[in-house]
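Listed below are the residues making up each chain.
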Amino acid sequence: MSIPRVSSNGSSSSSGWKYEVFLSFRGEDTRKGFTGHLYTALTCKGINVFRDDKELEIGKPLSLELLDAIEKSRISIVVLSKNYASSSWCLDELIKIVECKSRLGQMVIPVFYDVDPAVEREQRGNFEEALTKQEEAFRDNIEKVETWRKALIEVINLPGWELKDRYESELIEDVVKEVRRKSNVSGSRLMNLKKVLVGGVSSCLEQLWMQAEIQRPRVQWRQSAIAPTLIPLLFFLSFL
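Criteria and cut-off values
- Residues numbered from 1 in each chain as written.
- Predicted model: local features only at pLDDT ≥ 70, side-chain atom pairs only at ≥ 80, totals over all residues.
- Heavy atoms only, no water.
- Helix = DSSP H or I, 4+ residues; strand = E, 2+ residues; numbered from the N terminus.
- Expected span 1.5 Å × (residues − 1).
- Buried < 20%, exposed > 50% of the residue type's maximum accessible area, 1.4 Å probe, protein only.
- Polar contact = N/O pair within 3.5 Å; in protein donor to acceptor, adjacent residues only side chain to side chain.
- 1 Å grid on protein atoms, 1.4 Å probe; cavity = no way out; pocket = protein on both sides within 12 Å on 5 of 7 lines; lining within 4 Å.
- Points joined across faces, edges and corners; volume = space filled by probe spheres on them.
- Nonpolar A, V, L, I, M, F, W, Y, C, P; charged D, E, K, R; others polar.

Details of helix α4 (residues 88-104)
Its 17 residues place the ends of α4 24 Å apart at the C-alpha level, agreeing with the 24 Å of an ideal helix rising 1.5 Å per residue. Buried within α4 we find Trp89, Cys90, Leu91, Glu93, Leu94, Lys96, Ile97, Val98 and Cys100. Backbone geometry just after α4 places Gly105 at a positive phi near 75°.

Structure representation (structure tokens):
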């Protein structure tokens, strides 16, 4: 079983997510370099990050723990390095990430590390070469390879960041800023929703109180009928 690394700084529980960021990457390409430095930069800013710390043995499926971590992350950062598509494990992660993007509204940030996004989007670069080899390895399950290809195409066509000829530190700084911006926007929307809901409940309670004052003889049965309907809403608001 893989060993997760979760930063101790920050928390996403108040917004309904367990982690702010899930890092998807090919370990042999970037674990001890770019991804390691990105993880450190994110955690230093108080961002709660899930990073799987060990390569899965070839042929083994993703653990339930890893799938759960993807589903409970607000943002997935996919570090698309040269050998990313050579790993069936990375491709399985990508399928789950795309699913969460569609079903849960998870935000996805692709980072093109030493690969040309323009070439990869035309399906004539490292990824297509790797998928062709995957077709040979999974000749009895070509549908699986096509599912990987569709997920990969969807992610590489998203707006993202490219290393090009820049220093890695500059790219990391840009990615961290992007994560903080997306987190702040999402958080402010949640706070606005909370204000609207709380304001609506307060207004409702005020009207009920005024009505009870006007019709005092009937206040007892009105309270018993209305109060239970407010309890679930107030319980929900306590978690926002």
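Digging into the side chain of Glu20
Topologically, Glu20 is positioned in strand β2 (residues 19-24). Taking the relative accessible area as the measure of exposure, Glu20 reaches 10% and is therefore buried. Engagement of the side chain of Glu20 in a polar contact is seen with the side chain of Arg74, the distance being 2.8 Å.

Observations regarding empty space enclosed by the protein
Applying the stated criterion across every chain, the model contains two cavities of 30 Å³ or more. Of the pockets and cavities examined, the largest cavity occupies roughly 70 Å³. In this structure, the largest cavity is lined by 10 residues; those nearest its centre are Phe25, Arg31, Asp52, Trp89 and Glu93. With three residues, the single largest contributor to the lining of the largest cavity is α4. Of the residues assigned to the lining of the largest cavity, the class counts are four nonpolar, two polar and four charged. A volume near 60 Å³ is recorded for the second largest cavity. Elements with a contribution of two residues or more to the lining of the second largest cavity: α6 (126-137) and α7 (142-156). Examining the composition of the lining of the second largest cavity, we find that four residues originate from one element, α7, more than from any other. Across the lining of the second largest cavity, the residue classes tally to five nonpolar, one polar and three charged.

Here's the deal with the environment of Thr132
On the secondary structure map, Thr132 appears in helix α6. The class for Thr132 is partly exposed, based on a relative accessible area of 35%. For the pair Thr132 and Arg149, spaced 17 residues apart in sequence, the C-alpha separation works out to 10.0 Å.

Side note on unusual backbone geometry
Of note, the phi angle at Gln123 is positive, near 55°, even though the residue is not glycine. With respect to the helices and strands, the residue Gln123 is situated in the loop between α5 (117-121) and α6. Judged by its relative accessible area of 36%, Gln123 is partly exposed. With phi around 50°, Lys164 is a residue other than glycine that occupies positive phi space. Given the relative accessible area of 61%, Lys164 is considered exposed.

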